[in-house]
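Close look at the chain arrangement
Each chain is listed here by its residues.
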Amino acid sequence: METPATGRTKRQTSYEFYKNLFKLTIGGGVVFWVITFAISLSPIAAEYRAAESISNIQAVWVGGLLVGLIIGWCISYFLLRFFDKIPTNNPILKSVVLSFIAFVIAMILLEAPASFRTSDALYYLLIGVIFNVPRFLFVGIVIGYLYKRLYKGSNPAVVASKSAQVE
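Predicted model, so just to flag it, every value in this text is computed and none were measured.

**Brief notes about the environment of Y48**
Following the sequence through the fold, Y48 ends up in helix α2 (residues 43-51). Linking Y48 and Y124, residues 76 residues apart in sequence, is a C-alpha distance of 6.9 Å. Apart from the residues within four sequence positions on either side, Y48 is in contact with E111, Y124, I127, G128 and F131.

**So, the side chain of N20**
With respect to the helices and strands, N20 occurs in helix α1 (residues 10-40). Within the local environment of N20, its side chain forms a polar contact with the side chain of Y151, the two groups lying 2.7 Å apart.

**Side note on the layout of surface pockets**
When its volume is computed, the largest pocket comes out at roughly 910 Å³. Lining the largest pocket are 35 residues, with F32, V67, L110, N132 and R135 positioned closest to its centre. Of all the secondary structure elements, the ones that give two or more residues to the lining of the largest pocket are α1, α2, α3 (57-81), α4 (91-115) and α5 (121-150). Grouping the constituent residues of the lining of the largest pocket by class yields 24 nonpolar, 6 polar and 5 charged.

Definitions and limits used
Residues numbered from 1 in each chain as written. Predicted model: local features only at pLDDT ≥ 70, side-chain atom pairs only at ≥ 80, totals over all residues. Heavy atoms only, no water. Helix = DSSP H or I, 4+ residues; strand = E, 2+ residues; numbered from the N terminus. Contact = heavy atoms within 4.5 Å. Polar contact = N/O pair within 3.5 Å; in protein donor to acceptor, adjacent residues only side chain to side chain. 1 Å grid on protein atoms, 1.4 Å probe; cavity = no way out; pocket = protein on both sides within 12 Å on 5 of 7 lines; lining within 4 Å. Points joined across faces, edges and corners; volume = space filled by probe spheres on them. Nonpolar A, V, L, I, M, F, W, Y, C, P; charged D, E, K, R; others polar.

Shown next, in the form of structure tokens:
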């Protein structure tokens, strides 16, 4: 079945959607992992790992890649699927808004309960927030930048309406 406006089948449109989703996810996951790697080498990160009972730094690196891919997938999916419903016209700002939402959810569901297990909960919550702000911010910036490069020369609103037709 071809769509009247583009002459593309749903399978072709779906393939393009998932291909772009994969590219954006990998970009977001890699930048999250690189920032995690850089932060994990700092002395304050060693203190934070000790307080959170995380003994193995390699677990932080592997876990950082896995978590980065999950966060990158979520931000990329919602950016591609709901592009025209997110306020602002710039794809970088749109993905930063989505990454801020993901940041708030992660802080509420993961960081706050983990910090309350320590003796100085507010101190370690603040350190966790400071560690995660650059991660989430740069994931949003990179995904928005990659989106801009993928759809260079096309109208993002038209692309978003095409991706909405996929499902």
